[in-house]
Amino acid sequence: MHKDQPMIITLDGPAGVGKSTLAKDLAGYLNIAYLDTGAMFRALALHLGPGSWDWSEQRLQSALRGIRWSLCGDGPETGLEVNGVQVGPEIRAEDVGLWASHLGQRQEVRSFLQAVQQGIGSRSSLVAEGRDMGSVVFPRAGCKIFLDAAPEERARRRCLQLQEAGHTPDQAALAHDLRQRDQQDRTRAIAPLRPADDAHIVDTTALSLQDVEQRLREIIHRSFPGITPQPKQPE
Ligand code: DC
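Below is a short write-up of the structure. (Residues numbered from 1 in each chain as written. Predicted model: local features only at pLDDT ≥ 70, side-chain atom pairs only at ≥ 80, totals over all residues. Heavy atoms only, no water.)

**Quick notes on the sheet that holds strand S1 (residues 8-12)**
Argument step 1. Pairing is parallel across the open sheet formed by five strands, whose spatial order is S2-S6-S1-S7-S8. The open sheet has two edge strands with one neighbour each: strand S2 (33-36) and strand S8 (200-203). Here the strands of the sheet are splayed against their neighbours by 20 degrees on average, with no regard to which way each runs.
Argument step 2. Across four bridges, S1 lies against strand S7 (residues 143-148) in parallel orientation. (Pairing = 2+ DSSP bridges. Helix = DSSP H or I, 4+ residues; strand = E, 2+ residues; numbered from the N terminus. Axes fitted to C-alpha atoms, helices over the stretch in contact; angles between N-to-C directions.)

Right, here's the structure in full:
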């Protein structure tokens, strides 16, 4: 990596594997921005509405042209703005995740978001999380990580997360949605979910969050020898 080039770390994996938590942890550890590309697909799905994945190419292209993206905040607090408005927790609903997965099958959408993501990564060091960050969007990233875990374990974790947020999730329905999204994300024709050939693969099924955080930090140090954690400067 050239010393003036942004440092890019990619974190890919299926739904519910813990990417967001771990990406935020790394972004905080290194004090660099965090790019949640799933949130981009979700925000787009919510903005365009259900059924938009079946729109004609022309209608979809013209809707995409009117959208501006930017980041706000920094480190683990990095947020996403669509047309100047910060994206909120409404994108986290399970059905919005499924809409995002449908929309992610459209080439027009992937090309559009890929250009936005690469633009952000050319200006700023990033921990970029998603499905195709290492394999397609940032093929020259200095460190690529692919997280995986058994589907039942991912459904259990997602359930716990929702319970902690005050919801009463149906674990069987969650597991069903997760499997549907997995199948769709792994088998789509364009940019399917898969590890890049040079990705570090970490199976987190039997690991605690602390163990995974530790393992990822070790991978980062091996990928960028000499790097030192950058604690946030007091304002
Ligand atoms: O990471 P997430 O669960 O918030 O993502 C929601 C959906 O968005 C996911 O099921 C597929 C799609 N997505 C994608 O196709 N490519 C990405 N880089 C990120 C998300």
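**Considering the packing of helix H1 (residues 19-30) against helix H9 (residues 209-223)**
Argument step 1. Where H1 meets H9, the closest approach of the two axes is 10 Å, and the angle between their N-to-C directions is 50 degrees. Viewed along their axes, H1 and H9 adopt a mutual orientation that is oblique. For the pair H1 and H9, the crossing hand works out as right-handed. In this structure, H1 contributes Thr21, Leu22, Asp25, Leu26, Tyr29 and Leu30 to the contact, and H9 contributes Leu209, Val212, Glu213, Leu216, Arg217, Ile220 and His221.
Argument step 2. Looking at side-chain class alone, the contact of H1 with H9 contains eight nonpolar, two polar and three charged residues. (Parallel < 35°, antiparallel > 145°, perpendicular 65-115°, else oblique. Left-handed = near helix turned anticlockwise from the far one by under 90°. Contact = heavy atoms within 4.5 Å. Nonpolar A, V, L, I, M, F, W, Y, C, P; charged D, E, K, R; others polar.)

**A look at helix H7 (residues 151-164)**
Argument step 1. The terminal C-alpha atoms of H7 lie 20 Å apart, and with 14 residues this matches the ideal 20 Å at 1.5 Å per residue to within 8%.
Argument step 2. Turning to H7, its buried residues are Glu153, Arg154, Ala155, Arg158 and Cys159.
Argument step 3. Where the residues of H7 are buried, they touch helix H2 (37-48), helix H4 (94-103) and helix H8 (171-187).
Argument step 4. One or two positions beyond H7, positive phi appears at Gly166, with a value near 90 degrees. (Expected span 1.5 Å × (residues − 1). Buried < 20%, exposed > 50% of the residue type's maximum accessible area, 1.4 Å probe, protein only.)

**Quick look at the pairing of strand S3 (residues 69-72)**
Argument step 1. Two elements, S3 and strand S4 (residues 79-82), share four bridges in a ladder whose sense is antiparallel. By the bridge assignment for S4, Cys72 is matched with Gly79.
Argument step 2. Once S3 ends, the chain turns through six residues before running back antiparallel as S4, passing Gly73 with a positive phi of about 70 degrees.

**Considering the packing of H2 against helix H5 (residues 107-123)**
Argument step 1. Running from amino to carboxyl end, H2 crosses H5 at an angle of 130 degrees, the nearest separation of the two axes being 11 Å. The angle between H2 and H5 places the two elements in the oblique class. Where H2 crosses over H5, the two elements pack in a sense that is right-handed. Across the interface between the two elements, Thr37, Met40, Phe41 and Leu44 from H2 touch Val109, Arg110, Leu113, Val116 and Gln117 from H5.
Argument step 2. Partitioned by chemical class, the residues of the contact of H2 with H5 number six nonpolar, two polar and one charged.

**Considerations on the nonpolar core**
Argument step 1. If you look at the biggest cluster of nonpolar residues, it comprises 35 residues, and the most contacted ones within it are Leu44, Leu48, Trp69, Val109, Leu113 and Phe138.
Argument step 2. For this core, the secondary-structure elements that each account for two or more residues are S2, H2, helix H3 (57-65), S4, H4, H5, strand S6 (126-130) and helix H6 (133-137).
Argument step 3. Examining the composition of this core, we find that seven residues originate from one element, H2, more than from any other.
Argument step 4. Trp69 has contacts with Met40, Ala43, Leu44, Leu80, Glu81, Val82, Phe112, Leu113 and Val116, leaving out every residue within four places of it along the chain.
Argument step 5. Residues Ala27, Ile145, Ile220 and Ile227 belong to the second largest nonpolar core, which totals 24 residues. (Core = buried A, V, L, I, M, F, W, Y, C linked by side-chain atoms within 4.5 Å.)

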